[in-house]
Structure formats: structure tokens, C-alpha cells
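Listed here are the chains, written in short residue letters.
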Amino acid sequence: MMYIWKEALEQMRGKGMWLGLGMLMLASLFLIAEARSFPVDLGFEAMLLSVFDMNVYLLPLFAMFLSSFSMYQEKELKTSMILLTKRESTWTYLLKKSAAIQLVLLATFVTAYFVLALFMKAFLAFHIMSFLHFLLVIIVFLLIFNQIGIFLGVACHSKMQLVGANILTWFFVVFLFDLMFLYFLPAVTFGNLRFFSWVYFLDPIHTMRFYLETSLGLFSLSHMSRMMEKFVFMDIGIFLLINAVLWPLVMFGVSLLFRNGGAIDD
């Protein structure tokens, strides 16, 4: 509880979280206003998908910056050293700090989206189940990129290095990974399609968008071709669950391995 309270106070005192929330909400409000001209039957769902596409560019950057600098600040102010010296082991410290960051940032961003839901309900034909599917995707999104940020905060030695690591990670995940898929796409055949499917859906952004498209009724999984059936060989909800569990656990494990890599010495 002490970790959660301390994290909440630090994030509320900082300008980064409020700046990120302000940009996300402002951009979302513009998309909500634009969606008023969409067809009534699927206008709300199309708007949610547009908000998600906007979040793909903004949310990873905000989540990684907020979580990584929160972790780095503990090293810079020597509070992590004090905790580890007095009563905490490394893994329990990382576990409690990670849980605090996750809970505070998740609660903050989810609350912001509930505020946006009031505007959605006022101006659009609001569908509660579609909004809950969208909110689930946002929660998984934050879980993964918060944990990536925590790893970067543990591993980096200086603020300049941390800023560069955040931007490079964001660029790789959002842009470079898709370019790599396009490069290898001509080599995909019916024989190796299952392997390609695993690689494709282990990219959380691909999985979350596909889950959202199918859950919102914007993409049908019925009457698919043999190749498409082999590509989507597992329920997309299971792929989403795998990403939600796998990547935070992997990033937490890597953070433990690098726990001394980012130590700051006087």
C-alpha cells in the first residue's frame, strides 16, 4: 500500500501524466466530434477503432516514459538503495514497484476513458459492450508498455540514455516491426503460415487491433478462406490473453536480470 500511495503522489505532482492525458483526451474528443457524421449502425464502433489507431502512436510513448522515469527516479534519489538495504529483496522491490506503477497508471488512464465515455454517450449511439471490449484492449496495452518502461528504467544509466531508449523502443514497436513484416511477407507460404501466424499475433499491437475489429463486428471470421482459417487457427481472445500474460512476465524477468545494470553511483 505504501508503494501505491507514494507512486500516486509522485505521478500527480509530475507534469508528464497530465500532459499525456490532456493530449489523449483532446485527440479523442476530435475523433468523437468527427464520428457524429458516421452511419448510426456502426458509427460508434468505427470511432472506437479510430481512437485505438490514434492510441497506437501516443499511448506506448506515454506509458513507457511515465513508468520508466518513475523507476529511474528511485535510483536517482537513492530510495531504491535504502529499501533494498533495510527490508526488501530485489525481486520483491521490483514486484511491488511494478504493481504500484501498473495500478496507478491503469486507474488514471481508465478513469480518463470513462470521462470520454460521457462525451461518447452524449453525441453518439453508445454501445456498452463495444466500449468494454475497447477498454479491455486499452488495459492490456497499458500492462505491456508500462512493464517495458519499467525494464528501461531499471536498465538505463542516465536520463539521456533513458530518453533515447524510450524513443527507440517506441519506433521499433510502432514502425520498424511492421516494416519487417512487409519485408518477409513474400516468403510466407501455406506451409509456413502457422509459424508466421504465431509471430504476427505475438506482436501485441496486431493482436489488439484484430481482437477489436472482430469484437466490434467490423471484421467477420465466418466464411473465411482456407489460408485465412489456418492463419487464425486459435481464438483471438486467447492470443490477447497470451500477450497480456507473456510480455509483462518477460519484461519483469528481464528487469530482474538487469537489476544492477542501471545503478547510479555518486
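Basis of the calculations
- Here the residue numbering is sequential within each chain, running from 1 through the sequence in written order.
- Residue-level local features of this predicted model are given only where pLDDT is at least 70; pairs of side-chain atoms are given and counted only at 80 or more, and the full residue set underlies all totals for whole chains, interfaces and linings.
- Heavy atoms throughout the structure, all of them, feed into the side-chain values; hydrogens and water do not.
- Secondary structure is summarised from DSSP: a helix means a run of H or I of at least four residues, a strand means a run of E of at least two, and numbering begins at the N terminus for each.
- Atoms considered for the radius of gyration are the C-alpha atoms alone. The globule rule reads 2.2 Å times the number of residues to the power 0.38.
- A contact between two residues is defined here by any heavy atoms of the two lying within 4.5 Å.
- The aromatic pairing rule takes the rings of Phe, Tyr and Trp, using the six-membered ring of Trp, and pairs them if the centres are within 6.5 Å, calling planes under 30 degrees apart stacked, those over 60 edge-to-face and the rest tilted.
- The rule is simple: take the accessible area with a 1.4 Å probe, protein chains only, and divide by the maximum for that residue type; under 20% is buried, over 50% is exposed, in between is partly exposed.
- In this analysis the charged atom, NZ for Lys or CZ for Arg, is taken to sit over a ring once it is within 6 Å of the ring centre and within 35 degrees of the ring normal.
- Every case where a carboxyl oxygen of Asp or Glu lies within 4 Å of a side-chain nitrogen of Lys or Arg is listed as a salt bridge.
- Note on scores: pLDDT gives the predictor's confidence for each residue, bounded by 0 and 100.
- Helix span, as expected, comes to 1.5 Å for every residue beyond the first.
- What the arc measures is the spread of directions leading from the helix axis to the C-beta atoms.
- Think of a nonpolar core as a cluster: buried Ala, Val, Leu, Ile, Met, Phe, Trp, Tyr and Cys residues, connected wherever their side-chain atoms sit within 4.5 Å.
- Whenever a helix is involved, its axis is fitted only over the stretch in contact; in every case the axis is a line through C-alpha atoms, and angles between N-to-C directions fall within 0 to 180 degrees.
- Any angle from 65 to 115 degrees is called roughly perpendicular, while one under 35 is roughly parallel, one over 145 is roughly antiparallel, and all others are oblique.
- What makes a crossing left-handed is the near helix being turned counterclockwise from the far one by less than a right angle; a clockwise turn instead makes it right-handed.
- Gly falls in the polar group here, along with every residue not listed as nonpolar (Ala, Val, Leu, Ile, Met, Phe, Trp, Tyr, Cys, Pro) or charged (Asp, Glu, Lys, Arg).

Enquirer: Account for the overall build of the protein chain, with residues named and values stated.
Expert: Looking only at helices and strands, the protein chain features eleven helices and zero strands. When the helices and strands of the protein chain are listed from N to C terminus, the series reads α-α-α-α-α-α-α-α-α-α-α. In summary, the protein chain has a C-alpha radius of gyration of 20 Å against a globular reference of 18 Å for 266 residues, a match within 12%. Taking the principal axes of its C-alpha atoms as reference, the protein chain extends roughly 60 × 50 × 30 Å.

Enquirer: Run through the environment of Phe177, naming residues and quoting values.
Expert: Structurally, the position occupied by Phe177 is in helix H7 (residues 159-184). Residues Phe177 and Tyr200, 23 residues apart in the sequence, show an inter-C-alpha distance of 9.9 Å. Ignoring any residue separated from it by four or fewer positions in sequence, one finds Phe177 in contact with Phe172 and Asp203.

Enquirer: Describe in detail the packing of aromatic side chains, supporting the description with residues and values.
Expert: Applying the stated criterion across every chain yields a total of 28 aromatic pairs. Ring plane angle 40° and centroid distance 5.1 Å describe the contact between Phe201 and Phe231, whose orientation is recorded as tilted. Of this pair, Phe201 sits in helix H8 (residues 193-201) while Phe231 sits in helix H10 (residues 226-231), and the two are 30 residues apart along the sequence. Here Phe201 and Phe231 have matching classes, each one buried. Put simply, the rings of Phe172, Phe177, Phe181, Phe196, Trp198, Tyr200, Phe201, Phe210, Phe219, Phe231, Phe233 and Phe239 pair up and form one aromatic cluster. Taking the ring centre of Phe233 as reference, the NZ or CZ of Arg194 above it sits at 4.3 Å.

Enquirer: How would you sum up the pattern of salt bridges? Please name residues and give values.
Expert: Applying the stated criterion to the full structure yields six salt bridges. Between Glu7 and Lys97 there is a salt bridge, with the nearest N and O atoms lying 2.7 Å from each other. With Glu7 in helix H1 (residues 2-13) and Lys97 in helix H5 (residues 90-123), this pair connects stretches of sequence that are 90 residues apart. Just as Glu7 is buried, Lys97 falls in that class too. Salt bridges sharing common partners tie together Lys6, Glu7, Glu10, Glu74 and Lys97.

Enquirer: Please give an account of the confidence of the model for the protein chain that cites residues and values.
Expert: When the pLDDT values of the protein chain are averaged, the result is 87; 93% of them are 70 or greater. For residues 262-266, every residue scores under 50 in pLDDT, and the model assigns this stretch 14 contacts once sequence neighbours within four places are set aside.

Enquirer: Explain helix H2 (residues 16-34) residue by residue, including any values.
Expert: Side chains three or four residues apart in an α-helix point the same way, a direct result of the helix having 3.6 residues per turn. For H2, spanning 19 residues, the distance from its first C-alpha to its last is 27 Å, which sits close to the expected 27 Å at 1.5 Å a residue. All of the buried residues along H2 are Met17, Gly20, Leu21, Leu24, Ser28, Leu31 and Ile32. Here the buried residues of H2 occupy an arc of 100° about the axis, which is enough to place them on one side. Exposed and facing more than 90 degrees away from the buried side of H2 are Leu19 and Phe30. Where H2 is buried, its residues meet H1, helix H3 (43-76) and H5.

Enquirer: Before we move on, can you summarise the nonpolar core with the specific residues and values?
Expert: Grouped together as the largest cluster of nonpolar side chains are 76 residues, with contacts concentrated most on Met47, Phe134 and Phe145. For this core, the secondary structure elements donating two or more residues are H2, H3, H5, helix H6 (128-155), H7, H8, helix H9 (204-215) and helix H11 (236-257). At 16 residues, H6 tops the list of elements feeding residues into this core. Apart from residues no more than four positions distant in its own chain, Met47 is found in contact with Leu31, Ile32, Ala35, Phe38, Met120 and Leu124.

Enquirer: How would you explain the packing of H5 against H11 if you had to name every residue and give the values?
Expert: Put simply, H5 and H11 touch, their axes get as near as 10 Å, and they point 140° apart. Taken together, the axes of H5 and H11 are oblique relative to one another. For the pair H5 and H11, the crossing hand works out as right-handed. Taken together, the residues of H11 that come into contact with H5 (itself represented by Trp91, Leu94, Leu95 and Ser98) are Phe252, Ser255 and Leu256. Residue classes in the contact of H5 with H11 are distributed as five nonpolar, two polar and no charged.

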